[in-house]
Amino acid sequence: MPALEDADVERVRALIRSVPSGHVTTYGDVARAAGLGNARMVGWILRTDGADLPWHRVVRADGSLAPHLATEQALRLQAENVTVSGHRVLLRPLRHVFPA
DNA sequence: GAGCTGACACGGC
DNA sequence: CGCCGTGCCAGCT
């Protein structure tokens, strides 16, 4: 019965807000921590209700960024001292892990 | 009601 | 290593 509920959306928003400045997380991690089946849903939530969130701290599993956001996202990340090479971030040392 | 689209992940090449 | 194709779930036309 996995129809996206308001509670799920709020959970995702809270998780992203909990990511400290200078750190980044992945869509997959957020999805798993929020109890969502697919990481695509996280992207969908951010697209609809993520304007007021630090969405730039959320990247793909391999550290790459979505084409349309790549430019601005990279800019914002660099402003937080996050190393960005091209359209890709080094999440190895900066990856924020959510508590199980 | 059916089909296309998308702020993703993963396995191959 | 990086690019490409396939699978997933929900929403929109």
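Since the structure is predicted, the reported quantities are computational estimates derived from the model, not experimental observations.

What counts, and at which threshold
Residue numbers run consecutively from 1 along every chain, following the written order of its sequence. Written order decides the labels, with chains lettered from A and ligands numbered from 1. A pLDDT threshold of at least 70 governs which residues receive local features in this predicted model, and a stricter bar of 80 or more applies before side-chain atom pairs are shown or counted, although totals over entire chains, interfaces and linings include all residues. Only hydrogens and water are set aside when side-chain values are computed; all heavy atoms of the structure are taken into account. Nearness here has a simple test: a residue counts as near a molecule or strand if at least one of its heavy atoms is within 4 Å of that partner. Polar contact criterion, stated in full: a pair of N or O atoms within 3.5 Å, where within protein one must be able to donate a hydrogen and the other to accept it, and residues adjacent in sequence count only if both atoms are side-chain atoms. Numbering of helices and strands starts at the N terminus; helices are DSSP runs of H or I of at least 4 residues and strands are runs of E of at least 2. We call Asp, Glu, Lys and Arg charged. Ala, Val, Leu, Ile, Met, Phe, Trp, Tyr, Cys and Pro are nonpolar, and the rest, Gly among them, are polar. Cavities and pockets are found on a 1 Å grid laid over the protein atoms alone: a cavity is a set of points where a 1.4 Å probe fits but cannot escape, a pocket is an open set with protein on both sides within 12 Å along at least five of seven lines, and a lining residue has an atom within 4 Å of such a point. Grid points are joined across faces, edges and corners, and a volume is the space filled by probe spheres set on the points.

## Regarding the protein's contact with DNA strand B
Around DNA strand B sit 14 residues in total, of which Arg40, Leu46, Arg47, Ala61 and His68 are the nearest. For DNA strand B, the fraction of protein-proximal atoms (within 4 Å) that sit in sugar or phosphate groups is 49%. Arg47 has a polar backbone atom sitting 3.3 Å from a base nitrogen of DNA strand B. A distance of 3.1 Å is found between a phosphate oxygen of DNA strand B and a side-chain nitrogen or oxygen belonging to His68. Mapped by element, the contributors of at least two residues to the surface near DNA strand B are α2 (27-34), α3 (40-49) and α4 (67-79). Here the surface near DNA strand B takes 5 residues from α3, the largest share from any one element. In terms of residue class, the surface near DNA strand B is built from 8 nonpolar, 3 polar and 3 charged.

## A word on the layout of surface pockets
Taking a probe equal in size to a water molecule and rolling it over the atoms shows the remaining empty space. Of the volumes computed, that of the largest pocket is approximately 520 Å³. When residues of the lining of the largest pocket are traced back to their parent elements, those giving at least two are α3 and α4. Of all the elements, α3 adds the most residues to the lining of the largest pocket, at 5 residues. Its residues placed into classes, the lining of the largest pocket shows 9 nonpolar, 4 polar and 3 charged.

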